[in-house]
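Residues per chain, in single letters:
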Amino acid sequence: MSVFEQLNREAAKQELRFIVIGGHAVMQHGYQRGTEDADILVDKNDRVLWQRIAEGLGYKFHHDGGAFLQYDAPEAAAWDLDIMLVPAETFHRLWAEIQPSQLEGASVAVPSLQHLLALKIHALKHGHGLRVLKDMDDVANLVLANRVDVRSEWFRQLFEKHGNMKLYERIVRILAE
Amino acid sequence: MNESSASSPNEPAPACAVPAQFGDHLELPDWSGQRPRQTRVPTDEWLAYCRSNLPLIRSKPGYQERRLKSKVSVEFVL
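This one's a predicted model, so the numbers in the text were calculated from it and none came from an experiment.

1. Things to note about the overall build of chain B
At step 1: In terms of helices and strands, chain B carries three helices and zero strands.
At step 2: Its helices and strands taken in sequence order, chain B reads α-α-α from the N to the C terminus.

2. A closer look at the side chain of H24 of chain A
At step 1: Mapped onto the fold, H24 of chain A is located in helix α2 (residues 22-28).
At step 2: When sequence neighbours within four positions are dropped, the list of residues in contact with H24 of chain A reads F4, T35, D37, A38, W79, L103 and E104 of chain A together with L47 of chain B.

3. What to know about the layout of surface pockets
At step 1: When its volume is computed, the largest pocket comes out at roughly 780 Å³.
At step 2: Listed by contribution, the elements that provide at least two residues to the lining of the largest pocket are α2, β2 (37-43), β5 (80-86), α5 (113-126) and α6 (130-145) of chain A together with α3 (63-69) of chain B.
At step 3: Residue composition of the lining of the largest pocket, by class: 14 nonpolar, seven polar and 14 charged.
At step 4: The two domains that each donate at least three residues to the lining of the largest pocket are domain 1 (3-111) and domain 2 (115-176) of chain A.
At step 5: Quantified by volume, the second largest pocket comes out at close to 330 Å³.
At step 6: As for the second largest pocket, its lining consists of M27, G30, Y31, Q32, N141, L144 and A145 of chain A together with P36, R37, Q38 and T39 of chain B.
At step 7: Looking at the lining of the second largest pocket element by element, the count peaks at three residues for α6 of chain A.
At step 8: Counted by class, the lining of the second largest pocket contains five nonpolar, five polar and one charged residues.
At step 9: Counting contributing residues per domain, the lining of the second largest pocket is built from domain 1 (3-111) and domain 2 (115-176) of chain A, each supplying no fewer than three.

4. A few points about the packing of aromatic side chains
At step 1: Summed over the entire model, instances satisfying the criterion amount to eight aromatic pairs over all chains.
At step 2: By the ring-pair criterion, three or more aromatic residues cluster together here, those being W154, F155, F159 and Y168 of chain A.

What counts, and at which threshold
Residues numbered from 1 in each chain as written. Chains lettered and ligands numbered in written order. Predicted model: local features only at pLDDT ≥ 70, side-chain atom pairs only at ≥ 80, totals over all residues. Heavy atoms only, no water. Helix = DSSP H or I, 4+ residues; strand = E, 2+ residues; numbered from the N terminus. Contact = heavy atoms within 4.5 Å. 1 Å grid on protein atoms, 1.4 Å probe; cavity = no way out; pocket = protein on both sides within 12 Å on 5 of 7 lines; lining within 4 Å. Points joined across faces, edges and corners; volume = space filled by probe spheres on them. Nonpolar A, V, L, I, M, F, W, Y, C, P; charged D, E, K, R; others polar. Domains from an automatic or database assignment. Phe/Tyr/Trp six-rings, centres within 6.5 Å; stacked < 30°, edge-to-face > 60°.

Such coordinate-based values are descriptive only and should not be taken to indicate function.
Written out as structure tokens, the structure reads:
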């Protein structure tokens with residue numbers, strides 16, 4: 001049983017919801033690339049319940065980053081699990097526009113393209129080192145795969161709200177080459 | 001004589017030594033005209049392949065440090 005099937009089963013028992021983000025979500029929006037973990041986003045009010053679920057599934061606690069929790073996989077060829085914690089209102093806004101998807105045998109929710117781009121732009125603004133390269137690559141390829149007009153107002157506003165205009169100009173320049 | 005044979009036997013070898021002659025005689029083609037194309041591998045097959053590589057990836061030095069640095073600690077608010 002895949003990690004997503006396991007998470008679905010455990011979440012249903014406690015009437016919890018999660019949204020698949022990270023590389024798995026990027027692939028669901030048309031850009032296939034490598035990934036090393038399973039990232040999910042949850043309401044931070046449910047933090048303790050998700051900790052119990054992860055540990056109940058055999059995941060070993062690795063790190064508490066405040067806005068995220070990291071767990072090591074119980075098996076060599078299983079995804080590590082990272083749990084991103086967001087305020088309830090943010091979770092509800094993301095959930096309102098989710099895209100239902102099939103992933104490794106499970107029915108899951110991934111963010112809408114706009115919301116996934118918002119998450120990626122947030123990561124671009126606050127990330128460091130190689131992470132920035134990966135997120136820049138994701139944003140550029142999501143734009144290409146979904147034929148997003150980078151000059152459109154909604155795209156520019158994502159950078160105004162979650163990133164900055166320097167990042168916006170970089171993306172526009174990269175895609176113009 | 002290459003660089004490795006010239007070094008003292010007591011000195012540790014570099015982590016990733018490049019042979020001295022490497023790159024001197026390579027004639028590489030011009031790939032600038034290559035057109036990007038989407039893969040035809042179904043996503044779940046691709047993910048199974050990625051998972052099969054995890055033990056190798058985790059065995060590389062610095063994996064855990066890279067993993068830790070790959071996360072953003074600033075809360076996302078929509």
